[in-house]
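Survey of secondary and tertiary structure
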Amino acid sequence: MKAIAVDAMGGDYAPVEIVCGALDAVRSWRIPVVLVGDETQILPLVKAAGMTNDPLVKVQHASQVIGMDEHPGMAYRKKKDASVVVAAKLVKEGHCGALVAPGSTGAAVTAGLFGLGRIKGIRRPAIATPLPTQDGGTTLLIDSGASANPGVENLLQNALLGHVFMQRVYGIVAPRVGLLNIGTEEIKGSNVVTEVYPKMQEQSVYRFIGNVEGRDIPKRVADVVVCDGFTGNVVLKFAEGMATMMMHLLKDAVMKNGWRAKLGGWLLRPALKQALKKVDYAEYGGAPLLGVEGGLVICHGASKARAIQNAVRLASHIADSEMVEHIKTALETVDATNEE
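As a starting point, this report considers the structure included with it. Keep in mind the model is a prediction, meaning the values are calculated, not measured.

Before going further, it helps to examine unusual backbone geometry. Here the bond from alanine 14 into proline 15 is cis, since omega is -5 degrees, no more than 30 degrees from zero. Along the chain, proline 15 falls in the loop between strand E1 (4–7) and helix H1 (16–29). In this model, isoleucine 142 is joined to aspartate 143 through a cis peptide bond whose omega is 10 degrees. Looking at where aspartate 143 falls in the secondary structure, it is placed in the loop between strand E6 (138–142) and helix H6 (152–168). Phi is positive for arginine 30, which is not a glycine, with a value near 55 degrees. Its location among the elements puts arginine 30 in the loop between H1 and strand E2 (33–37). What makes arginine 30 partly exposed here is its relative accessible area of 40%. One non-glycine residue, arginine 220, lies in positive phi territory at about 55 degrees. Tracing the sequence through the fold places arginine 220 in the loop between strand E8 (207–212) and strand E9 (224–226).

Okay, here's the thing in structure tokens:
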């Protein structure tokens, strides 16, 4: 099992929650981790957890941090000893199989582009976000923020990246790939969407099922939903906001409607708590950046221990699945098909 580099200084609750989550992953699944960051802050946390002598836990000192308010590109170039920079280098040099990066999404994407580098043939890497569905499954939304204004070739590659990810990580033999649109008809949508549709139909590498609408995502009509990063990010943030609003409305209704409602809420609490775990981003840990030379999982800036724990597990799955090599093979298959 390959070690996972964890940027222990990234995120709102670093380093305490990040370190605790990474150590929980070691305890639960015996995944080796390298905690990257200020060792004067990290080592006492490892000692307090009683894991100083655990051979699966290592600490790599890094003296700098890229803040949430810094320009990602400029900070990445100037801060050579930033935790995310050092962590990306560990993956690039083969010491670790993947990187878990909480904190600045821009810094994480920059680490992927400049620290790991793009896979040859990939124009723009994409953020792939797993979303829960009403049947207890998962739909992958790609892209959800890396590229706001992609071209036709980018969307075609996003579909291929999502296809490989769902095959290798989720074990779906023939993932259904859908194109996010305002309707199911071929003629609807933006110029880029209407142009890419027939090209997706013509290819034979992945299973294209046509256009899907936003309401189809939670129904798992498709296993992979392809879109531009601007639209994907709006969908993702709206879904997060809607989940929060529904929880608020439910709690408000219980508290304002007398003792019967409160009793019913108390009786339903265990079942609701279990159901709501499925729509909690912490259960998925983070979103992989696909198309770079190595595994990279980007975590929510507000991630706490449970999210980091699951992000480490996802990163480990990606590293052990040899995702990069399978993407390269898929690209070669596409190129060979295009030449025929």
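Still more to cover.
What follows covers the nonpolar core. Residues Ile4, Leu35, Phe165, Met200, Val226 and Val312 are the most contacted members of the largest nonpolar core, which totals 60 residues. Ignoring any residue separated from it by four or fewer positions in sequence, one finds leucine 35 in contact with Val6, Val19, Ala22, Leu23, Ile42, Val46, Val57, Lys58, Val59 and Gln60. Ranked by size, the runner-up nonpolar core spans 30 residues in total, among them Val36, Tyr76, Ala87 and Leu289.

Another point: the pattern of salt bridges. Applying the stated criterion across every chain yields a total of nine salt bridges. A salt bridge links arginine 30 to aspartate 54; the shortest N-O distance between them is 3.2 Å. Here aspartate 54 lies in the loop between helix H2 (39–48) and strand E3 (57–61) and arginine 30 lies in the loop between H1 and E2, a separation of 24 residues in the sequence. The residue lysine 188 makes a salt bridge to glutamate 185 at a minimum N-O spacing of 3.6 Å. Given the relative accessible area of 34%, lysine 188 is considered partly exposed. Among the residues examined, glutamate 185 registers a relative accessible area of 38% and is labelled partly exposed.

All right, on to the pairing of strand E5 (residues 126–132) then. Burial analysis of E5 places six of its seven residues in the buried class, which makes it a mostly covered element. Across five bridges, E5 lies against E6 in antiparallel orientation. Among the inter-strand pairings, proline 132 is bridged to a residue of E6, identified as threonine 138. Following E5, the chain reverses through five residues before pairing antiparallel with E6; glycine 136 in that reversal takes a positive phi of roughly 85 degrees.

Calculation notes
- The residue count restarts for each chain, going from 1 along the sequence in the order it is written.
- Where totals are concerned, whole chains, interfaces and linings use all residues; where local detail is concerned, this predicted model gives features only for residues with pLDDT of at least 70, and gives and counts side-chain atom pairs only at 80 or more.
- Calculation of side-chain values draws on the structure's entire complement of heavy atoms; hydrogens and water are dropped beforehand.
- Numbering of helices and strands starts at the N terminus; helices are DSSP runs of H or I of at least 4 residues and strands are runs of E of at least 2.
- Each residue is assigned to one of three classes by its accessible area relative to the maximum for its type, calculated with a 1.4 Å probe on protein chains only: buried under 20%, partly exposed between the two thresholds, exposed over 50%.
- Put simply, buried Ala, Val, Leu, Ile, Met, Phe, Trp, Tyr and Cys residues joined by side-chain atoms within 4.5 Å make one nonpolar core.
- Contacts are assigned to residue pairs with any non-hydrogen atoms lying within 4.5 Å of each other.
- Each reported salt bridge corresponds to a side-chain nitrogen of Lys or Arg within 4 Å of a carboxyl oxygen of Asp or Glu.
- The rule for pairing is simple: two strands pair if DSSP sees at least two bridges between them.

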